[in-house]
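What follows is the residue order along each chain.
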Amino acid sequence: MIARLKGIIESIGDSNCVIDVNGVGYLVFCSSRTLAALDEGGAVSMLTEMQVREDSITLYGFGTVAEREWFRLLNTVQGVGAKVALGILSALSPDQLIAAISSSDKAALSRAPGVGPRLALRLATELREKAGAMPGGGAAALPPVVALRHHAADALSALENLGYRRAEAEAALTKGIEAHGADAPLDVLIRAGLKALAK
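Heads up: these notes are all about the structure in this document. Note that this is a predicted model, so its numbers are computed, not measured. (Residues numbered from 1 in each chain as written. Predicted model: local features only at pLDDT ≥ 70, side-chain atom pairs only at ≥ 80, totals over all residues. Heavy atoms only, no water.)

Once that is clear, we can look at the nonpolar core. Counting residues in each nonpolar core, the largest one holds 31 residues, and the members touching the most others are Trp70, Leu74, Leu97, Leu109 and Leu123. Put simply, the parts of the chain that give this core at least two residues each are β5 (57-62), α2 (65-74), α3 (82-91), α4 (94-102), α5 (106-109) and α6 (117-131). Broken down by element, this core gets its largest block of residues, seven residues, from α3. Those residues in contact with Leu97 that lie beyond four places of it in its chain are Trp70, Leu74, Ile88, Leu89, Leu92 and Leu109. (Core = buried A, V, L, I, M, F, W, Y, C linked by side-chain atoms within 4.5 Å. Buried < 20%, exposed > 50% of the residue type's maximum accessible area, 1.4 Å probe, protein only. Helix = DSSP H or I, 4+ residues; strand = E, 2+ residues; numbered from the N terminus. Contact = heavy atoms within 4.5 Å.)

It is worth spelling out the pairing of strand β1 (residues 4-12) at this point. Relative to strand β4 (residues 43-52), β1 is paired through five bridges, and the arrangement is antiparallel. Opposite Gly7, over in β4, you have Val44 as the bridge partner. Where β1 lies against strand β2 (residues 16-21), four bridges are found, and the strand directions are antiparallel. Bridge pairing links Ser11 to Val18 in β2. Hairpin remark: β1 followed by β2, antiparallel, with three residues in the connecting loop. (Pairing = 2+ DSSP bridges.)

We now examine the packing of aromatic side chains. With the rule as written, the count across this model stands at three aromatic pairs. Geometrically, the ring pair formed by Phe29 and Tyr60 is tilted, given 6.2 Å between the ring centres and 45° between the ring planes. One end of the pair, Phe29, is in strand β3 (residues 24-30); the other, Tyr60, is in strand β5, and 31 residues separate them in sequence. Its relative accessible area of 11% is what places Tyr60 among the buried residues. On the basis of an interplanar angle of 35° and a centroid distance of 5.2 Å, the ring pair of Tyr60 and Phe71 is categorised as tilted. One end of the pair, Tyr60, is in strand β5; the other, Phe71, is in helix α2, and eleven residues separate them in sequence. The exposure class of Phe71 is buried, given its relative accessible area of 1%. Here a set of aromatic residues connected by ring pairs shows up, and it is made of Phe29, Tyr60, Phe62 and Phe71. (Phe/Tyr/Trp six-rings, centres within 6.5 Å; stacked < 30°, edge-to-face > 60°.)

Moving on, we get to unusual backbone geometry. At Asn22, a position not held by glycine, the phi torsion is positive, near 55°. Among the structural elements, Asn22 can be located in the loop between β2 and β3. Classification of Asn22 by relative accessible area gives exposed; the value is 77%. Residues other than glycine seldom take positive phi values, yet Ser104 does so here, at roughly 55°. By the element assignment, Ser104 lies in the loop between α4 and α5. For Ser104, a relative accessible area of 25% puts it in the partly exposed group.

Two faces, one strand: in a regular strand the side chains alternate between the faces of the sheet. Of all six residues in β5, five are buried, a share of seventy percent or more. Strand direction decides the pairing type here: β3 and β5, joined by three bridges, are parallel. By the bridge assignment for β5, Phe29 is matched with Tyr60. The sheet contact formed by β4 and β5 spans six bridges and is antiparallel. Paired with Glu49 across the two strands is Tyr60, which belongs to β5. Between the antiparallel neighbours β4 and β5 lie four residues.

Below you can see the structure in the form of structure tokens.
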């Protein structure tokens, strides 16, 4: 299974992008939120989910851990496939999803393409108890696809190599980028990340 791709964004389409990894182009379907954070020709390290069918193998990409976890959970609901799940994640951030499901806000859920009143009710009913335990991550989460335009990719890799989990390394780097900017030198971002992790 392919869990992550690290390479160069070769092209960006309406619902997908092509990531060049050592000369091999991977077609990855993403939410509009993730696609909006990409730059053609820019470096990226993207979390992925691979779905294998009898007639196809499809890769789905995510800018955050929270987005990937929500994609997996949404796919457990009857009537929600990968396309609808990405549509939901395009319309609502993980934080907005938690709020909409917790409050049974069917109107908010119905903003996603492919989600009518009946499916919105099913989402709110089936996921209400699970939503509170799901990761959020609106503005506070680090979208690797954005940060990797600069030095954050290497900083994230360095923190992971030191034994920190990706989620906590991302959160620490977010604070470093907020304090020093995404254009900060690599060593500055690593030090800022370690300082945040030490607290």
